[in-house]
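Okay, here's what each chain looks like letter by letter:
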Amino acid sequence: MKNPFENLKTVEDQMDYFSEQFEEQSTDGIRRNYKDGSDFQSNPFLQKYPYAIRIILYYDDLEISNALGSKDTIHRLGCFYISVQNLPPEESSLLSSIFLLALTYAEDLKKPGVLEKVLLPFISDLNRLKSENGVEIDLPGGEKFILRACLVCVCADALDAHALLGLLSPSANMFCRLCLVSKKDIMEDSTSVGLLRTAQLHQKHVEEVEKHQALPSKRKLGQGKKIAFQNLE
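Quick caveat: nothing in here was measured; it's all calculated off a predicted structure.

K.L.:
Lay out the sheet that holds strand β3 (residues 98-105) with the relevant residues and their values.
P.N.:
The strand order across the open sheet built from four strands is β3-β2-β1-β6, with neighbouring strands paired in mixed fashion. Of all strands in the sheet, those bounded by a partner on one side alone are β3 and β6 (149-155). The sheet shows a mean angle of 25° between the axes of neighbouring strands, direction not considered. Pairing analysis gives six bridges linking strand β1 (residues 53-63) to β6, with the strands arranged parallel. Pairing of L57 across the sheet is with V154, part of β6.

Dropping the structure here:
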């Protein structure tokens, strides 16, 4: 069998090969991978560095004792995992391609500032990898390579997603993390859609809540505190 890497002398050549094999952009309008979506095409960093590592962050709670018991929250752990989206589908679907980032006591994450402290090393590393300089690594043969990466997706269930975004719980009046629809609107029309939450609107709400800490202000916006990724560039 012919070695497919025989003529790929540099890292850039190898990355071109993998991109063509596994992430070639569709030309027929059918979305087959992340590069076919608007998130990739509108991301200035990924347009400038299309080979940057794309990281997915997962978060969920894990009960390590009796998950069906009445005291199931006592030993619950908060689990953070990451995976690399650039891998071929047959590789990214393997458990060995999902990496443990952090384990925390779930009840501690409810305390002010704890979630930010847990994620701080991860966010600091991401900011370095997403910077203009990136992180230089030495490859076999003395070749230098600038490693770059960015966070493209955060996966969590409804309750945990609200916690990561600093939103009030899904039982709040402004319960939706995607838009500003209220419970009253949904009761009147189950297809109602409110003003979409954008990054700019989210930042505005965070600033307003920090300025006016009264509960009515939080309920009005559905925003409880600043986002855990506030320092992510």
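K.L.:
Can you tell me about helix α5 (residues 114-130), naming the residues and giving the values?
P.N.:
Its 17 residues place the ends of α5 24 Å apart at the C-alpha level, agreeing with the 24 Å of an ideal helix rising 1.5 Å per residue. The largest bend along α5 reaches roughly 45° and is located at L120, with the proline P121 sitting one to four residues downstream. Those residues of α5 that fall on the buried side of the exposure criterion are L115, E116, L119, F122, I123, L126, N127 and L129.

K.L.:
Can you explain the confidence of the model for the protein chain? Please cite residues and give values.
P.N.:
The predicted model of the protein chain has a mean per-residue pLDDT of 80, with 79% of residues at 70 or higher. In the model of the protein chain, helix α9 (residues 215-221) stands out as the element of lowest mean pLDDT, 53, in contrast to β3, which has the highest, 93.

K.L.:
Tell me what's going on with the pairing of strand β4 (residues 135-138), and back it up with residues and numbers.
P.N.:
Pairing between β4 and strand β5 (residues 144-147): four bridges, direction antiparallel. Residue pairing across strands places E136 opposite I146, the latter belonging to β5. Hairpin connection from β4 to β5: five residues lie between these consecutive antiparallel strands, with G141 at a positive phi of about 95°.

K.L.:
Lay out the nonpolar core with the relevant residues and their values.
P.N.:
It is characteristic of soluble globular proteins that their nonpolar side chains tend to be buried jointly. Counting residues in hydrophobic clusters, the biggest one holds 16 residues, and the most contacted among them are F80, L115, L119, L164 and F229. Sorting the residues of this core by element identifies β1 and α5 as the ones contributing at least two each.

K.L.:
Report on the pattern of salt bridges, specifying residues and quantitative values.
P.N.:
Going through the model one piece at a time under the given rule, you end up with six salt bridges. The residue E132 makes a salt bridge to K48 at a minimum N-O spacing of 2.8 Å. With E132 in the loop between α5 and β4 and K48 in helix α3 (residues 44-48), this pair connects stretches of sequence that are 84 residues apart. Across the pair R76 and D61 runs a salt bridge, and its minimum N-O distance is 4.0 Å. Linking R76 in strand β2 (residues 76-84) with D61 in strand β1, this pair joins segments that are 15 residues apart in sequence. Look at R76 and you get partly exposed, because its relative accessible area is 22%.

Reading the values: the criteria
Residues numbered from 1 in each chain as written. Predicted model: local features only at pLDDT ≥ 70, side-chain atom pairs only at ≥ 80, totals over all residues. Heavy atoms only, no water. Pairing = 2+ DSSP bridges. Helix = DSSP H or I, 4+ residues; strand = E, 2+ residues; numbered from the N terminus. Axes fitted to C-alpha atoms, helices over the stretch in contact; angles between N-to-C directions. Expected span 1.5 Å × (residues − 1). Bend = angle between axes of the 7 residues up to and from the residue. Buried < 20%, exposed > 50% of the residue type's maximum accessible area, 1.4 Å probe, protein only. pLDDT = per-residue confidence, 0-100. Core = buried A, V, L, I, M, F, W, Y, C linked by side-chain atoms within 4.5 Å. Salt bridge = Lys/Arg side-chain N within 4 Å of Asp/Glu carboxyl O.

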